[in-house]
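What the coordinates show
Letter by letter, the chains look like this.
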Amino acid sequence: MIERTPVFDAIVQVLLVLSFVALLLPFWVVLVAASHDFHTVNQVPMPLLPGRHLFENLATAWEKGNFSRVMVNSLIVAIAVTAGKIALAAISAFAIVYFDFRLKKLAFWAIFITLMLPLEVRIVPTYSVAADVLAPFEAILNLTGLSVDLPQWSLLNSYSGLVLPLVATATGTFLYRQFFMTVPDELAEAARMDGSGPLRFFWDILLPLSRANMIALATIMFVFAWNQYLWPLLIITDQANFATATMQLQKVVPNGVWGEPPVWNTAMAANLIVLFPPVLVTLLLQRWFVRGLISAEK
Amino acid sequence: MNKRATFSNSWLAAALLLPQLLLVFIFFYWPSGEALWWSFTLERPFGGGNEWVGFYNYLSVLQDSRYWGSVRVSVIFAIAASALSILLALMLAVFVDRRMRGHQILKTGFFLPYALAAPAVGLAFRFIFAPDAGLIAGINRVFPGLWNPALDGNDALTLIILAQAWSLVGYNFIFFLAGLQSIPRALLEAGAMDGAGPLRRVWDLQLPLLAPTLFFLLVINITDSFVNSFGIVDIVTSGGPARATELMVYKVYTDGFQGKDSSLAATQSVILMVLIMALTFVQFRFIERKVHYN
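Summary of the structure given here.

Procedures and definitions
- Residues numbered from 1 in each chain as written.
- Chains lettered and ligands numbered in written order.
- Predicted model: local features only at pLDDT ≥ 70, side-chain atom pairs only at ≥ 80, totals over all residues.
- Heavy atoms only, no water.
- Phe/Tyr/Trp six-rings, centres within 6.5 Å; stacked < 30°, edge-to-face > 60°.
- Helix = DSSP H or I, 4+ residues; strand = E, 2+ residues; numbered from the N terminus.
- Buried < 20%, exposed > 50% of the residue type's maximum accessible area, 1.4 Å probe, protein only.
- Axes fitted to C-alpha atoms, helices over the stretch in contact; angles between N-to-C directions.
- Parallel < 35°, antiparallel > 145°, perpendicular 65-115°, else oblique.
- Left-handed = near helix turned anticlockwise from the far one by under 90°.
- Contact = heavy atoms within 4.5 Å.
- Nonpolar A, V, L, I, M, F, W, Y, C, P; charged D, E, K, R; others polar.

1. Some points on the packing of aromatic side chains
Here the structure, examined in full by the defined rule, presents 46 aromatic pairs over all chains. Here Y98 of chain A and F201 of chain A contribute two aromatic rings whose centre-to-centre distance is 5.4 Å and whose plane-to-plane angle is 70°, an arrangement assigned as edge-to-face. With Y98 of chain A in helix α4 (residues 67–98) and F201 of chain A in helix α11 (residues 198–209), the pair connects residues that are 103 residues apart, well separated along the chain. Residue classification places F201 of chain A among the buried positions, given a relative accessible area of 0%. A centroid spacing of 5.8 Å and a plane angle of 55° characterise the contact between F55 of chain B and Y58 of chain B, whose relative ring orientation is tilted.

2. Some thoughts on the packing of helix α8 (residues 185–193) of chain B against helix α9 (residues 198–227) of chain B
All names here are of chain B. Direction vectors running N to C along α8 and α9 enclose 155°, while the axes themselves pass 10 Å from each other. Classified by the angle between their axes, α8 and α9 sit roughly antiparallel to one another. Like other packed secondary-structure pairs, α8 and α9 cross with a definite hand, here right-handed. For the pair α8 and α9, the contacting residues are L187, L188, G191 and A192 in the first and R201, L205, Q206 and L209 in the second. Split into classes, the residues belonging to the contact of α8 with α9 amount to five nonpolar, two polar and one charged.

3. Some details on the packing of helix α7 (residues 135–143) of chain A against helix α1 (residues 10–39) of chain B
Where α7 of chain A contacts α1 of chain B, the two axes come as close as 10 Å, and the packing angle between them is 85°. Between α7 of chain A and α1 of chain B, the angle is such that the two are roughly perpendicular. Between α7 of chain A, through P136, F137, A139 and I140 of chain A, and α1 of chain B, the contact on the second element is made entirely by L22, F25, I26 and W30 of chain B. Residue composition of the contact of α7 of chain A with α1 of chain B, grouped by class: eight nonpolar, no polar and no charged.

Right, dumping it as structure tokens:
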């Protein structure tokens, strides 16, 4: 603080506390609603203090939403997407920064431009590719005059379908590229003099150095993957086996599949279950999360 | 890329790049190309591939008042949500930057909404602002029928704007705070010595220096509102009532998957794609400038 301004400070402090309460109110309301019985939660005005039915509602929501299964699915998908993104980002950036070859710029831009093509704007054709992954290759081969019939490989209703289309990462590759650029050239030269090949150098020196980078990237990617909604909704029809946690939210909405009059208490309990993992990651790894976000956008 | 390249094994480099390039080709470029192709063709009714129809699909989309309705709603949604969220985040960041007691807790709290998935935000807001339960319903006891997002299009649009703004505050806040903290303290102290009070310093020093951050966030927020709003709309309003909240992304989805009209959906996708590209391009240009002037 630069000078003493007690009145101004008091006003600021009050505004901050008010905003804090207002911004966190939705979390509180979800928690409170999830802790009352059906009758109390539908009262107007709703109670502002938690009731005693939280665990009961959580158990009901857990059961109805098949969460034993879908939480595991979401976890598998989120971890696979995160690991895949980090691995691809690291090796692609390594190739782009440390190797000299023609088409290097082209490869970089090919990855980077995907930033402009978010899933939502190419959703219909991406779905059709996921239904038949080899179709593009078949089409290309047919154009060259070879008439081949590749087998149909569908990603619908599978873990690979939930993971593969999300794994390519312009942000991650860019982040890793930026990091590799800051590693002094002398390190690579020294490694080479000591007789290490490129892979050895990558594995033994670059990867351990990039640990901070990796954790930052992992936190943002985990939350990103866990929060995916549109894509799983489209490609998963086998709800019993492959549904993810966020998808279940569509079923707890009033007039949704559960159908009864608005059971807000169990709906909010389900919401609590779904939002818990990313909130936990954000709280525990906030420092890394923020660092990842900010350096990804530079 | 000024780094001296160290290795020259092109085969190895190709092998390292292959997995990502393959995924990018299959799931990004091919579908985008296909959207473009579909937008200029129509599927023949009894199979046998697509028929080239030129700009027919574009004309029918652009002459459809329902489409312009979704454009109008999307633009209002994007601008209102971005403005609301950015202004609030800016105020909070300026205040938190004064580092008074408890600023760490405040920081965590302001950032937390960002962790939530769009449908989770949607579900929470749908309950809080429900006309017959939740936090706001009491207002209908006093003024019956004043607030009902299930029937009134303006109420519904307001509701999804609030939800989107809330979910973006954390992101904006973090960037503003980082921007503020990179302003040298000496500058502010010099301002204080010259007799500028805290508000005057915000207005004349901190805000102008934050202009690049502000611009960057504006582009990101608008892009996000155009692209990432599916989860909120789907859970809160499903595009209703009477299409009052049918955002462009949501319309692509309903036309493509519920209406099964690939050409119509693809045409709208291409328009949306061009829009996103333009926004991203503006952002790249801005980053370039920042690098040059630094």
